[in-house]
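Observations on the model geometry
This is what each chain is made of:
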Amino acid sequence: MEKIYNLAIIGAGPAGLAAAVESYLQGIDDIVVLEKDVNHNSTIRKYYKDNKRVDLEWKGQKVELNGRIVFVDGTKESTLDLFDELIENHNIELKTQVEVTSIEKEDDYFNVNIAGGSVKAKRVVVTIGRMGKPNKPSYKIPPSIRKKVNYTLDECQDGEKVLIVGGGDSAVEYAVDLVGRNEVAICYRRETFRRANPLNQRNIANAIAHNEVRPILGVNIDGLEDDNGRVKVLFNEIEPETFDRVIYAIGGTTPSAFLASSGIEEEDGKPKYDEHYETNIKGLFVAGDITQESGGSIALGLNQGYEIACYIKGGCKNCKD
């Protein structure tokens with residue numbers, strides 16, 4: 001008979017791993033975490049530069065941790081080390097390179113459909129993030145310059161003239177990170193970087209004040225053209241300008257097609273859920289960035305994972321003993 005897990009978690013970021021660890025500590029066994037990438041926390045690995053500061057809170061949110069995972073401000077590396085230890089010490093079955101295509105509710109369990117088969121579980125928590133599918137511009141990118149248009153700094157070379165597009169934390173951090181190695185400009189459709197957290201706002205203001213980053217603010221982009229292998233940016237309000245590389249950091253999108261194929265209702269670009277993070281389908285939960293309009297704190301994801309675990313168990317026990 002095919003195994004039926006007590007809990008299947010889709011996505012191995014902070015919220016997903018918190019749901020797994022906290023459920024284990026509540027006495028729930030047979031837990032599996034399904035991750036489409038090669039390791040846990042793929043967003044942190046891909047989109048955070050080395051030694052990037054990782055804070056418990058986000059944009060100054062004050063969130064007290066409720067569960068038993070102890071998380072403190074640190075770096076990209078210390079954060080990944082923490083989750084390595086949590087997986088190792090709490091008997092978490094992590095299956096990587098497994099992409100879930102849809103979820104189907106049977107009488108008393110779910111079929112979590114994957115390539116070539118399915119995983120069965122009594123309850124499912126969906127914690128896929130937004131950055132797994134980064135937002136792309138609405139205008140078409142000419143095929144001849146697509147290699148010069150990116151969504152991370154991975155392809156960036158020293159000495160290039162680079163345009164960063166966006167006004168959130170990732171855009172600001174990308175721009176500041178290139179200072180001293182590249183000629184950097186940052187384009188944002190608004191006049192200020194109010195979406196970024198206070199530290200990043202100070203950093204970009206300092207870089208602009210010292211002429212290390214050139215701001216192009218209150219300006220929209222109409223399209224891109226090939227300029228002899230370089231990227232010609234067609235601004236709406238100012239004259240076009242050519243760059244060696246353009247990097248978009250304009251957030252990510254809720255995977256609406258996946259949610260719809262699984263029967264999860266959406267409202268205002270987010271899945272609908274109740275106070276226990278349970279969706280319109282009983283036994284199917286959501287947690288993490290997917291529940292927020294534009295990302296959220298690690299603390300929020302950890303708490304959501306804890307609260308789901310408590311609800312599944314029927315109440316918390318030995319919360320912080």
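Here, every reference points to the structure presented above.
Residues numbered from 1 in each chain as written. Predicted model: local features only at pLDDT ≥ 70, side-chain atom pairs only at ≥ 80, totals over all residues. Heavy atoms only, no water.

Structural notes on the pairing of strand E2 (residues 31-34)
- Burial along E2 is two-sided: Ile31 and Val33 and Val32 and Leu34, pointing in opposite directions, are all buried.
- When strand E1 (residues 4-10) meets E2, the two strands line up parallel, connected through 4 bridges. Its bridge partner lying in E2, Ile10 is registered against Leu34.
- Handedness of the crossover joining E1 and E2 through helix H1 (residues 14-25): right-handed.
- As judged from the 3 bridges shared by E2 and strand E5 (residues 93-95), these two strands associate in the parallel manner. If you follow Val33 over to E5, its bridge partner there is Leu94. (Buried < 20%, exposed > 50% of the residue type's maximum accessible area, 1.4 Å probe, protein only. Helix = DSSP H or I, 4+ residues; strand = E, 2+ residues; numbered from the N terminus. Pairing = 2+ DSSP bridges. Right-handed = clockwise from strand over helix to strand, strands pointing away.)

Describing the pattern of salt bridges
- With the rule as written, the count across this model stands at 13 salt bridges.
- Close ionic contact of Glu241 with Arg214 constitutes a salt bridge, the shortest N to O distance being 2.6 Å. Of this pair, Glu241 sits in strand E15 (residues 241-243) while Arg214 sits in strand E12 (residues 213-217), and the two are 27 residues apart along the sequence.
- Judged by its relative accessible area of 18%, Glu241 falls in the buried class.
- Among the ionic pairs, Asp244 bridges to Arg230, the shortest N-O distance being 2.9 Å. With Asp244 in the loop between E15 and strand E16 (245-248) and Arg230 in strand E14 (residues 230-235), this pair connects stretches of sequence that are 14 residues apart.
- Each of Asp158, Asp177 and Arg181 takes part in salt bridges that share partners, so that together they form one network. (Salt bridge = Lys/Arg side-chain N within 4 Å of Asp/Glu carboxyl O.)

Examining the packing of aromatic side chains
- Within the structure shown, the criterion is met by 6 aromatic pairs.
- Summarising the aromatic geometry, the rings of Tyr139 and Tyr248 are spaced 6.5 Å apart at their centres and angled 55 degrees between planes, so their arrangement reads as tilted. Taken together, the residues span a long stretch of sequence, with Tyr139 in the loop between strand E8 (117-126) and strand E9 (149-150) and Tyr248 in strand E16 at a distance of 109 residues.
- Through a chain of ring-to-ring contacts, the aromatic side chains of Tyr139, Tyr151 and Tyr248 assemble into a single cluster.
- Looking at Lys161, its charged tip hangs above the ring of Phe243, at a distance of 4.8 Å from the centre. (Phe/Tyr/Trp six-rings, centres within 6.5 Å; stacked < 30°, edge-to-face > 60°. Lys NZ or Arg CZ within 6 Å of the ring centre and 35° of its normal.)

A few points about the side chain of Glu35
- One can find Glu35 in the loop between E2 and helix H2 (42-47).
- A polar atom in the side chain of Glu35 sits 2.9 Å from the backbone nitrogen of Ala12.
- Of note is the side chain of Glu35, whose polar atom sits 2.9 Å from the backbone nitrogen of Asp37.
- Discounting residues that sit within four places of it in the chain, Glu35 has contacts with Gly11, Ala12, Ser42, Leu94, Lys95, Thr96, Gln97 and Val98. (Polar contact = N/O pair within 3.5 Å; in protein donor to acceptor, adjacent residues only side chain to side chain. Contact = heavy atoms within 4.5 Å.)

Section: the nonpolar core
- By size, the foremost hydrophobic cluster in this structure holds 31 residues, and its most contacted members are Ile9, Val33, Phe71, Val125, Leu302 and Ile308.
- Counting only elements with at least two residues in this core, the list comes to E1, H1, E2, helix H3 (76-89) and helix H7 (298-313).
- In this view, Ile9 contacts Gly16, Ala19, Ala20, Ile31, Val32, Val33, Leu34, Val125 and Thr127; residues no more than four positions away in its chain are not counted.
- Among the nonpolar cores identified, the runner-up in size contains 21 residues, and Val98, Val100, Leu259 and Ile264 belong to it. (Core = buried A, V, L, I, M, F, W, Y, C linked by side-chain atoms within 4.5 Å.)

Observations regarding the sheet that holds strand E13 (residues 221-227)
- Pairing is antiparallel in the open sheet, where 3 strands are placed in the order E13-E14-E15. Both outer strands of the open sheet, E13 and E15, are each paired with one neighbouring strand and no more. Strand-to-strand twist of the sheet, defined as the mean angle between neighbouring strand axes without regard to direction, takes the value 30 degrees.
- Relative to E14, E13 runs antiparallel, the two being bridged by 6 bridges. Residue Asp227 lies in a different strand from E14, and its bridge partner there is Arg230. (Axes fitted to C-alpha atoms, helices over the stretch in contact; angles between N-to-C directions.)

Brief notes about the side chain of His90
- Looking at the secondary structure, you find His90 in the loop between H3 and E5.
- Taking relative accessible area as the criterion, His90 reaches 14% and is therefore assigned buried.
- In terms of polar contacts, His90 uses its side chain to reach the backbone carbonyl oxygen of Leu86, at 2.9 Å.

A word on the environment of Gly117
- Mapped onto the elements, Gly117 comes out in strand E8.
- The exposure class of Gly117 is partly exposed, given its relative accessible area of 36%.

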